[in-house]
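Remarks on the overall topology
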Number of protein chains: 2
Amino acid sequence: MNRIEAHHIDDLALGSVFLATGGGGDPHLNRIIAIETLKARGPVEILLPEELDDDAFVVPVGSVGAPTVSLELLPSMDEPRRTLEAFEKQVGRRADAVASFEIGGGNSLVPLVAAAGRGIPVVNGDGMGRAYPEAQMMTYAISGVRPTPALAFDYAGNTALFSTQSTEVYEYHIRSFAAAAGGMITVAEHAMSGAQLKQAVIPGTLSFTVELGQVLRENRGPAADILDPLKAIFEPSIYGEVRHLFSGKVIDKSTRIIGGYDIGEATLEDFDDPGQTLCLNIKNEYLLARTGDRVVASVPDLIVTVDHETSTPINCERLRYGQRVTVFAVGCPDFYRSPEALRVVSPRSFGFDLDYVPLEDIES
Amino acid sequence: MNRIEAHHIDDLALGSVFLATGGGGDPHLNRIIAIETLKARGPVEILLPEELDDDAFVVPVGSVGAPTVSLELLPSMDEPRRTLEAFEKQVGRRADAVASFEIGGGNSLVPLVAAAGRGIPVVNGDGMGRAYPEAQMMTYAISGVRPTPALAFDYAGNTALFSTQSTEVYEYHIRSFAAAAGGMITVAEHAMSGAQLKQAVIPGTLSFTVELGQVLRENRGPAADILDPLKAIFEPSIYGEVRHLFSGKVIDKSTRIIGGYDIGEATLEDFDDPGQTLCLNIKNEYLLARTGDRVVASVPDLIVTVDHETSTPINCERLRYGQRVTVFAVGCPDFYRSPEALRVVSPRSFGFDLDYVPLEDIES
């Protein structure tokens, strides 16, 4: 696969919600924008990391904000391109390619819209392999790419250009600007060379997500029947094991927008046995899945909620009381199992008094 | 008076707290920094607005944040100069002079430190004639000077460059950055030409504040004895009437940092008659003074609290239960009595269901 065309976008959006592990921002509006942009401007070339020149200038572009806001604050057609161009003007250099913060959710699509607008390629890969709530959790940051200069662009065309050494501090500044500017902004940040990208990216996730979306589309139907097709695509990939965690009804879900994040939890109850429940902790994404005191899956592994009858993945901000859902867990790419990565993405880094246990080491 | 020397700084700081009408940020630390800077680098030339060339490039520099933070977050010696230089680098033009956001509180001193560091003059005048809590309340904004490009500099040297059309939106962005960056930042904003400044500034306030500080120093003693010397300096000035409002003990004071501002109120009780009270509403500065339902002074006129025994002005964040104080009201410069100014500084623009009544029209 060497380009993304308008007819790929539905599968890409569908697959991206699966990998978003509850967060990432609803891709619905970005899906419409991406289809219209690619129809108008033609396909976008996608390049595997090794196809980039070492001295290429690669600029990640994406949205930052609380996912709930993605349901209401309408993005404009040209915001990703205008963000990229404003960034290029500030740094005085044209981008050779656009990269994705995260393949999960709407940020799988925003880079395509920016790249189509500018007529440049997008990297086939991303900085998370899923979605995470904070910038310092990106592979780019963990690999030592500087977060700034970073340019933020709001719905009204106001901009802010940040300069900060630490990605943790940068995350705090950009999150606060997002909250002040209506809850959702478009950002160009963590710009890097092709050589840096090759060390820092989760490769191949853009084409993988299109294929995953195709699997979900072709196997639309009861969640019990999708496990085998999911295993067939995930097990040979960088992700590995897929596991059924729970099936049941949403009996409680509560999130609040705190400090620019959606924070809260959801509880599911077994269809037949009200004593059996699964509790999901949320910070934009699902972080922990627990039955009673027992952790059955945790960040950085992926926790994915799908509709029980159709297997359509459901992002957290669309999860509602009474929905019948199935929850899967999926292993994470090896990158996130290194000590450097676990320092920022383990349950402990989210405030839980728990060490990370890889999915395949948890008794199922 | 055509320059500020190190030996003027104590009087300037003292006078600035009087004009700060409770807010403006405690000048204590900036006073020490200004004295050391002027001792090391020599006096700073001050220019009346009419002495500036029409095409001079004038850059206001000052602190933005909640005044309570000014008691704890230590400013560094070179932050004002580094802020100005980072701004100059971004806009590609050197400043010919520095101006002050507000003569009230610490922002009377920050421009001197920036100007001394760069070896350029400071405008004898300011953008408020007192202190107000928000950027759109500055004469510069009211006169149509664009707020951005604006460069914010935090205690760790992180920066953010804002671009926004409206000062109201800019205020929201810069306030949110201040809150994210520790509560207090240094900012260069509302840059303008000499011609614009001449239309937009409250003139002469820098030298006036030194003289006011001298009056307070030379008349240190009971507040009852300071009224005549205050009248002697204010009545022939752009301010006009000075009036004694109340003398009593602080029996209640409560402020919280809400959205980056100090917000709350204080209540004073007459020394002899507990039934007589004065209530002060606060948003960084004193906004309203009321005895029962009766408004006895309101923004944009100045409400000033001084120590009852020494007449030393007390800024709001230092006001404490049990303090014995006297409250004066002072008229505001004519600029703030225009309909354009009252749109942003009347009691109504702070959410009170009250029209502004000039001090001299209120029965004393």
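Just so we're clear, the structure is a prediction, and the values are computed from it rather than from any experiment.

1. Some thoughts on the sheet that holds strand β16 (residues 294–298) of chain A
All names here are of chain A. Strand order in the open sheet formed by 7 strands is β16-β15-β14-β13-β12-β18-β17, and the pairing between neighbours is antiparallel. In this open sheet, the two edge strands, each paired with only one partner strand, are β16 and β17 (302–307). Averaged over all adjacent pairs, the angle separating strand axes in this sheet is 35 degrees, with direction ignored.

2. A few points about the layout of surface pockets
In this structure, the largest pocket encloses a volume near 490 Å³. When contributions to the lining of the largest pocket are tallied by element, the ones reaching two or more residues are α3 (79–91), β7 (150–153) and β8 (159–163) of chain A together with α3 (79–91) and β8 (159–163) of chain B. Among the elements that take part in the lining of the largest pocket, α3(A) stands out by supplying 5 residues, more than any other. Grouping the constituent residues of the lining of the largest pocket by class yields 10 nonpolar, 9 polar and 4 charged.

3. Concerning the pattern of salt bridges
Residue and element names in this part refer to chain B. Inspection of every chain in the model, using the stated rule, returns 34 salt bridges over all chains. Measuring nitrogen to oxygen at the nearest pair gives 2.9 Å for the salt bridge that ties D301 to R337. One end of the pair, D301, is in the loop between β16 (294–298) and β17 (302–307); the other, R337, is in the loop between β18 (324–330) and α10 (339–345), with 36 residues separating them in the sequence. Of the charged contacts, one joins D355 and R348 as a salt bridge, the two residues approaching to 3.1 Å between their closest N and O atoms. On the basis of relative accessibility, which here comes to 56%, the residue D355 falls in the exposed class.

4. Quick notes on the packing of helix α1 (residues 9–19) of chain A against helix α8 (residues 205–218) of chain A
Residues and elements named next belong to chain A. The contact between α1 and α8 brings their axes to 7 Å, and the two run at 95 degrees. Judged by the inter-axis angle, α1 sits roughly perpendicular to α8. Here D11, L12, L14, G15, S16, F18 and L19 of α1 lie close against α8, whose contacting residues are L206, F208, T209, V210, L212, G213, Q214, L216 and R217. Among the residues forming the contact of α1 with α8, the class breakdown is 9 nonpolar, 5 polar and 2 charged.

5. Comments concerning the environment of D126(B)
Residues and elements named next belong to chain B. Its place among the elements puts D126 in strand β6 (residues 125–126). On the basis of relative accessible area, D126 is assigned to the buried category, the value being 0%. C-alpha of D126 to C-alpha of V187: the two residues are 61 residues apart in sequence and 15 Å apart in space. Sequence-distant contacts of D126, that is, excluding residues within four places in its chain, are made with S100, F101, E102, I103, T139, Y140, V201, I202 and T205. A polar atom in the side chain of D126 sits 2.8 Å from the backbone nitrogen of I103.

6. Here's the deal with the pairing of strand β14 (residues 277–283) of chain B
Residues and elements named next belong to chain B. Of all 7 residues making up β14, 6 are buried, and the element is well covered by its neighbours. Note that strand β13 (residues 261–270) and β14 share 7 bridges and pair antiparallel. Along β14, the bridge assignment pairs G264 with I282. Connecting β13 to the antiparallel partner β14 that follows it, the hairpin turn spans 6 residues. Of the strand pairs in this sheet, β14 and strand β15 (residues 285–291) are connected by 5 bridges, and their pairing is antiparallel.

7. Focus on the domain arrangement of chain A
A common way to express how large an interface is: the accessible area buried when the components associate. All names here are of chain A. Structurally, chain A comprises domain 1 (3–205) and domain 2 (222–354). On the domain 2 side, the residues contacting the 42 residues of domain 1 number 38 residues. Taken together, the two surfaces of domain 1 and domain 2 that pack against each other cover about 3100 Å², and 63% of this comes from carbon and sulfur. Connecting domain 1 to domain 2 are 2 salt bridges.

8. Thoughts on the relation of the copies chain A and chain B
If you rotate chain A by 180 degrees and push it 0.0 Å along the axis, it lands on chain B with an RMSD of 0.0 Å. Within this description, the copies of the chain are treated as partners about a two-fold rotation axis. Nearest to the rotation axis, the C-alpha of L161(A) is located 2.4 Å from it, this being the minimum over chain A. Comparing interface residues between copies, 100% of those in chain A also sit at the interface in chain B, which points to an isologous, same-surface contact.

9. Comments concerning the environment of P149(B)
All names here are of chain B. Looking at where P149 falls in the secondary structure, it is placed in the loop between α5 (139–142) and β7 (150–153). Through-space distance from the C-alpha of P149 to that of E50 is 25 Å; in sequence the pair is 99 residues apart. Ignoring anything within four residues of it in the chain, the contact list for P149 reads F87, V91, L161, F162, A188 and E189.

10. Looking at the interface of chain A and chain B
Opposite the 17 residues of chain A that make contact, chain B presents 17 residues. Both faces combined, the contact of chain A with chain B buries some 1300 Å², and carbon together with sulfur accounts for 51% of it. The tally of links from chain A across to chain B stands at 4 residue pairs in polar contact (both at pLDDT 80 or more). Looking at the side of chain A that touches chain B, the elements that each hand over two or more residues are β8 and α6 (167–180) of chain A. The biggest single contributor to the side of chain A that touches chain B is α6(A), with 6 residues. Residues belonging to the side of chain A that touches chain B are distributed by class as follows: 8 nonpolar, 8 polar and 1 charged. Strand direction decides the pairing type here: β8(A) and β8(B), joined by 5 bridges, are antiparallel. If you follow F162(A) over to β8(B), its bridge partner there is A160(B).

11. Some words on the side chain of K283(A)
All names here are of chain A. Within the secondary structure, K283 sits in strand β14 (residues 277–283). Residue class for K283 comes out buried when judged on its relative accessible area of 16%. At 2.5 Å, the side chain of K283 and the side chain of E134 are in polar contact. Once residues within four sequence positions are removed from consideration, K283 is found in contact with P133, E134, Y261, D262, I263 and F350.

12. Quick notes on the confidence of the model for chain A
Summing up the model confidence of chain A, the mean pLDDT is 95 and the portion of residues at 70 or higher is 100%. For this predicted complex, the interface confidence comes out at an ipTM of 0.82, alongside a pTM of 0.88.

13. Topic: the sheet that holds β13(B)
Residues and elements named next belong to chain B. Here we have 7 strands laid out as an open sheet, ordered β16-β15-β14-β13-β12-β18-β17, and antiparallel in their pairing. Of all the strands in the sheet, the pair left with one neighbour each is β16 and β17. Adjacent strand axes in the sheet meet at a mean angle of 35 degrees when their direction is disregarded.

Calculation criteria
Residues numbered from 1 in each chain as written. Chains lettered and ligands numbered in written order. Predicted model: local features only at pLDDT ≥ 70, side-chain atom pairs only at ≥ 80, totals over all residues. Heavy atoms only, no water. Pairing = 2+ DSSP bridges. Helix = DSSP H or I, 4+ residues; strand = E, 2+ residues; numbered from the N terminus. Axes fitted to C-alpha atoms, helices over the stretch in contact; angles between N-to-C directions. 1 Å grid on protein atoms, 1.4 Å probe; cavity = no way out; pocket = protein on both sides within 12 Å on 5 of 7 lines; lining within 4 Å. Points joined across faces, edges and corners; volume = space filled by probe spheres on them. Nonpolar A, V, L, I, M, F, W, Y, C, P; charged D, E, K, R; others polar. Salt bridge = Lys/Arg side-chain N within 4 Å of Asp/Glu carboxyl O. Buried < 20%, exposed > 50% of the residue type's maximum accessible area, 1.4 Å probe, protein only. Parallel < 35°, antiparallel > 145°, perpendicular 65-115°, else oblique. Contact = heavy atoms within 4.5 Å. Polar contact = N/O pair within 3.5 Å; in protein donor to acceptor, adjacent residues only side chain to side chain. Domains from an automatic or database assignment. Buried area = accessible area lost by both parts, 1.4 Å probe. Least-squares fit on C-alpha atoms with pLDDT ≥ 70 in both. pLDDT = per-residue confidence, 0-100.

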